[in-house]
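# Descriptive analysis of the structure
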Amino acid sequence: MSTRLLAIRFPWLATDLARRRQSRRAAGQSDMTAAGSSKKKSTFQAIDHEDIPVAAEDAGSGGVRPVLVVGMHRGSRRVIDCCSLANRRGIHKGMTLAEAQAMAMSETEGRWRTSPKAGSAEVQGAEPVLVVAPTPVRDQSDLRRLAEECLRFAPITAIDEPAGILLDLTGCSRMLDRRGGESGLLDRVGRTFRGAGLQVTTAIADTAVAARAWAGYGAGASGSGCDMSSRIIPRGRQAGFLASLPVECLELSAETIEAIHEVNIRSVGQLQSMPRSALPVRYGGAVLCRLDQAMGRLPLVLDPVRPRITVSESIEFNGPVRSRQAIELAIVDLLHRVRRRLEDLESGARIVRVRVERSDLPTWIQGVELSRATRRREHLWAMLQPVIERLPLDDGVDSIELEIPRHRRLRHEPVVMIGGAIDDMRAASREADSDRSAFIDLVQSRFGSGSVHRAAGLSGHVPEDEARIEPIDQKDTETPAWSFQIGPPAQALRPTVLHRPPVPIEVECRDETPVVIIRDGERWGVDAVEGPECIGAPWWRSSGSDSIEDRSVAGEKLRRDYWRLRTDSGFWIWIFKAASTERWFLHGTWA
């Protein structure tokens, strides 16, 4: 059975999604309200066609502003991505924001002169462009949701990086024949995405590479105005259809494309006419592999999207309930049912959300996020209690839904029949980790996500700067390697105890090497010496002057010479001599 794949490409994915979010904010819809359980609208249905003022392909009218994704590059704000309307107005990637705004403003002023509403304050007060920050992680998450929604069209869907979706239509010919065939499917897919405000190009072929190339560079790239049949490559005809396309449609690396252009090869047909043995030698194995994948000689393995399962249970009351005790009993029953479903999935909850329906009032939604996946009853109930306390009961509650929109698979723990001391220690460590996570979640649920802090290490050479206090849920903690070193003091880079501030001491030296340490009248002899280790302040702290000479002089004054010493008592200490004052200080010890 020959394979058939449908490629969906989003040429303006980032800007289309940004326009959708802006429309949702303007309509007063929050992301939490629009996302969630099976009873709510799907990704396609969450935004009606009216949320997008003008259809994407008709965006040349005056009702829609161009969307620009702007980020910092080489010290200036530049356009990272732009919508089709901005592209038609001459705005392109890499342009500075000021230049793009000036071009959009000139176009807007020309429209004001010909518009019947030219004198209205609403039109003249509007910004010429909609500027948004790049959100690549959120864009990829939305793309995955769109791929999940495409399961209504095909049994297998996969994300086609960076901005596309692949649908595997193999074995679906009978189902498609009853609904207009492949042309009817392309029409339904296009109307669905355009109704949601997303511009797409589509194509169907025997291979994923051919379908992707035809959607991006062939007839499928010309938008909704072309005939649906021209977007379909007949079975076994991909070689002839791809011959006239540019080599960029194979999505090779920029270096490979440049090397191919150097020998004046522009199309796939010209590349195919070259001897097969010469392609790997001149351009590497990727070119021949991609050609074979396009022609069906090599398979392209898809990573199918598996729809996320939202675990939810609900209960409806016969009338409005105002008793908090009755609400708690209902949530306890819902929690028991949800835990049984999580147990069947061998998963634990990461986000728990309570959805309450009230008569003639908007839906009340509150959720909590856990630091790690769990389905322990005590932990989940402790997290839900603050949510129940915030529930308004003045107008009564008609129904309650408890849902787990995000859950993770739990690791299986082996049952030790005959255990020793090590097994007991491991079990105690796991129990301590669970208790610690439950405590942190409970505190954060009541006092906020930034209420719990911890000490974290930093990678720096200045001893005073090698630790900081940060929120415990911060993910990008940078920890220096020395923080986890174990071994004798002579092998550790830094002491285990750091004195703040350093303790003044007196030192007797012989040939500039410490031999006697005097602290508070007590004399210590020195048995072993390692050093000196020179540590200076960073250049930006050395001086307020811009002169290199001034900075070097100031940096020399802030220099310290550190020594690691073993006293005659057998313990190790860390001392330094300040270059600015010629005084000695005890900065740390090894416990």
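On a predicted model such as this, the values are computed, not experimentally measured, just so you know. (Residues numbered from 1 in each chain as written. Predicted model: local features only at pLDDT ≥ 70, side-chain atom pairs only at ≥ 80, totals over all residues. Heavy atoms only, no water.)

## Thoughts on the packing of helix α15 (residues 324–345) against helix α16 (residues 377–389)
Two numbers describe how α15 lies on α16: the axes approach to 11 Å, and their chain directions differ by 145 degrees. As α15 packs across α16, the resulting crossing turns out to be right-handed. On α16, the residues that touch R324, E328, I331, V332, L335 and R339 of α15 are R377, L380, W381, L384, I388 and E389. Residue composition of the contact of α15 with α16, by class: seven nonpolar, no polar and five charged. (Axes fitted to C-alpha atoms, helices over the stretch in contact; angles between N-to-C directions. Helix = DSSP H or I, 4+ residues; strand = E, 2+ residues; numbered from the N terminus. Left-handed = near helix turned anticlockwise from the far one by under 90°. Contact = heavy atoms within 4.5 Å. Nonpolar A, V, L, I, M, F, W, Y, C, P; charged D, E, K, R; others polar.)

## Regarding the layout of surface pockets
In this structure, the second largest pocket occupies an estimated 810 Å³ of space. Forming the walls of the second largest pocket are 36 residues, and the residues nearest its centre are F10, P11, L13, D81 and A163. In terms of residues, the lining of the second largest pocket owes the most to one element, helix α1 (residues 13–26), which gives five residues. Looking at side-chain class alone, the lining of the second largest pocket contains 18 nonpolar, seven polar and eleven charged residues. (1 Å grid on protein atoms, 1.4 Å probe; cavity = no way out; pocket = protein on both sides within 12 Å on 5 of 7 lines; lining within 4 Å. Points joined across faces, edges and corners; volume = space filled by probe spheres on them.)

## So, the side chain of E148
Within the fold, E148 resides in helix α6 (residues 136–149). If we ignore the near neighbours within four places in the chain, the residues touching E148 are V305, R306, P307 and R308.

## A short note on α6
End to end, α6 covers 20 Å across 14 residues, agreeing with the expected 20 Å (1.5 Å per residue, within 8%). Every buried residue of α6 is accounted for by D139, D142, L143, L146, A147, E148 and E149. (Expected span 1.5 Å × (residues − 1). Buried < 20%, exposed > 50% of the residue type's maximum accessible area, 1.4 Å probe, protein only.)

## Things to note about the packing of aromatic side chains
Applying the stated criterion to the full structure yields six aromatic pairs. Ring geometry for W214 versus F241: centroids 5.3 Å apart, planes at 80 degrees, classification edge-to-face. With W214 in helix α9 (residues 208–217) and F241 in helix α10 (residues 238–242), this residue pair connects regions lying 27 residues apart in the sequence. In this structure W214 comes out as buried when scored by relative accessible area, which is 10%. For F241, a relative accessible area of 21% corresponds to the partly exposed category. (Phe/Tyr/Trp six-rings, centres within 6.5 Å; stacked < 30°, edge-to-face > 60°.)

## What to know about the nonpolar core
Side chains of a nonpolar character, in soluble globular proteins, are inclined to be buried together. With 32 residues, the main nonpolar core has L242, L250, I260 and L271 as its most contacted residues. For this core, the elements supplying multiple residues, two or more each, are β1 (5–9), β7 (201–205), α9, α11 (254–262), α12 (268–272), α13 (278–283) and α14 (285–295). Residue contributions to this core peak at seven residues, all from α9. A330, M383, L391 and L402 belong to the second-largest nonpolar core, a separate cluster that totals 28 residues. (Core = buried A, V, L, I, M, F, W, Y, C linked by side-chain atoms within 4.5 Å.)

## Side note on the pattern of salt bridges
According to the stated counting rule, one finds 27 salt bridges in the structure shown. With a shortest N-O distance of 2.9 Å, E251 and R9 are connected by a salt bridge. Of this pair, E251 sits in the loop between α10 and α11 while R9 is found in strand β1, placing the two residues 242 residues apart along the sequence. With a relative accessible area of 29%, E251 lands in the partly exposed category. Each of the salt bridges in this network shares a partner with another, and the network as a whole consists of R9, D160, R212 and E251. (Salt bridge = Lys/Arg side-chain N within 4 Å of Asp/Glu carboxyl O.)

## Here's the deal with unusual backbone geometry
Geometrically, the link from E161 to P162 is a cis peptide bond, its omega value of 0 degrees lying close to zero. With respect to the helices and strands, the residue P162 is situated in the loop between β5 (156–159) and β6 (164–168). With an omega of 0 degrees, the peptide bond between G531 and P532 qualifies as cis. The residue P532 is located in strand β16 (residues 522–535) in this model.

## With respect to the pairing of β6
Within a regular strand, side chains alternate between the sheet's two faces. Counting buried positions over the five residues of β6 gives five, a clear majority of the element. Burial of the side chains of β6 extends over both faces: G164, L166 and D168 are buried on one face and I165 and L167 on the other. In terms of strand pairing, β1 meets β6 through five bridges, oriented antiparallel. Note on β6: the bridge partner recorded for R9 is G164. Across four bridges, β5 lies against β6 in antiparallel orientation. Bridge assignment links T157 to a residue of β6, and that residue is L167. Between the antiparallel neighbours β5 and β6 lie four residues. (Pairing = 2+ DSSP bridges.)

## Description of the confidence of the model for the protein chain
Per-residue pLDDT for the protein chain averages 78, and the proportion of residues at 70 or more is 75%. The lowest-confidence element of the protein chain is helix α5 (residues 121–124), averaging 39 in pLDDT; the highest-confidence one is α15, averaging 92. Long-range and interchain partners of residues 112–125, a stretch whose pLDDT sits below 50, account for six contacts in this model, where long-range means more than four residues apart. (pLDDT = per-residue confidence, 0-100.)

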